[in-house]
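# Observations on the three-dimensional arrangement
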Amino acid sequence: MFVEAIMNGFRVKLLVDTVATLSIISPDALHAVLDDQSPIFAQVDQPFLMADRTALNLEGPVLMSLSISGLVFSQRFALADTVIDGILGLDFMKINEC
């Protein structure tokens with residue numbers, strides 16, 4: 001399931017993934033919503049495996065404010081090269097009691 005969110009005035013589509021341990025944002029989506037076009041991130045040491053067991057290289061975290069259906073949330077995202085705008089993972093659901 002995808003949800004539409006607003007980040008810094010830009011609309012993004014985020015996959016709600018109850019299996020993902022981390023929330024992720026793609027470089028394209030991040031650069032569209034950030035004022036700073038060349039942020040510097042650290043490597044994330046936590047491994048992240050896709051459903052097909054391939055590993056993603058993660059950087060981050062970056063703290064973002066997002067609005068979903070008029071509700072505003074603050075969420076940490078790891079940066080990863082994905083074909084979708086981003087993923088809302090279990091970290092988001094646990095913090096926000098979803």
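Keep in mind the model is a prediction, meaning the values are calculated, not measured.

### Some words on the side chain of Thr82
By the secondary structure assignment, Thr82 is in the loop between β6 (71-79) and β7 (86-88). Polar side-chain contacts of Thr82 include one of 2.7 Å to the backbone oxygen of Ile84. Discounting chain neighbours no more than four positions away, the residues touching Thr82 are Ile24, Ser26 and Leu56.

### Looking at unusual backbone geometry
Excluding glycine, residues mostly carry a negative phi; peptide bonds, for their part, are mostly trans. Positive phi outside glycine occurs at Asn8, with the angle close to 50°. Residue placement: Asn8 occurs in the loop between β1 (2-7) and β2 (10-16). Given the relative accessible area of 48%, Asn8 is considered partly exposed. At Ser69, a residue that is not glycine, the phi angle is positive and equals roughly 50°. Relative to the assigned elements, Ser69 resides in the loop between β5 (59-68) and β6.

Criteria and cut-off values
- Residues numbered from 1 in each chain as written.
- Predicted model: local features only at pLDDT ≥ 70, side-chain atom pairs only at ≥ 80, totals over all residues.
- Heavy atoms only, no water.
- Helix = DSSP H or I, 4+ residues; strand = E, 2+ residues; numbered from the N terminus.
- Polar contact = N/O pair within 3.5 Å; in protein donor to acceptor, adjacent residues only side chain to side chain.
- Contact = heavy atoms within 4.5 Å.
- Buried < 20%, exposed > 50% of the residue type's maximum accessible area, 1.4 Å probe, protein only.

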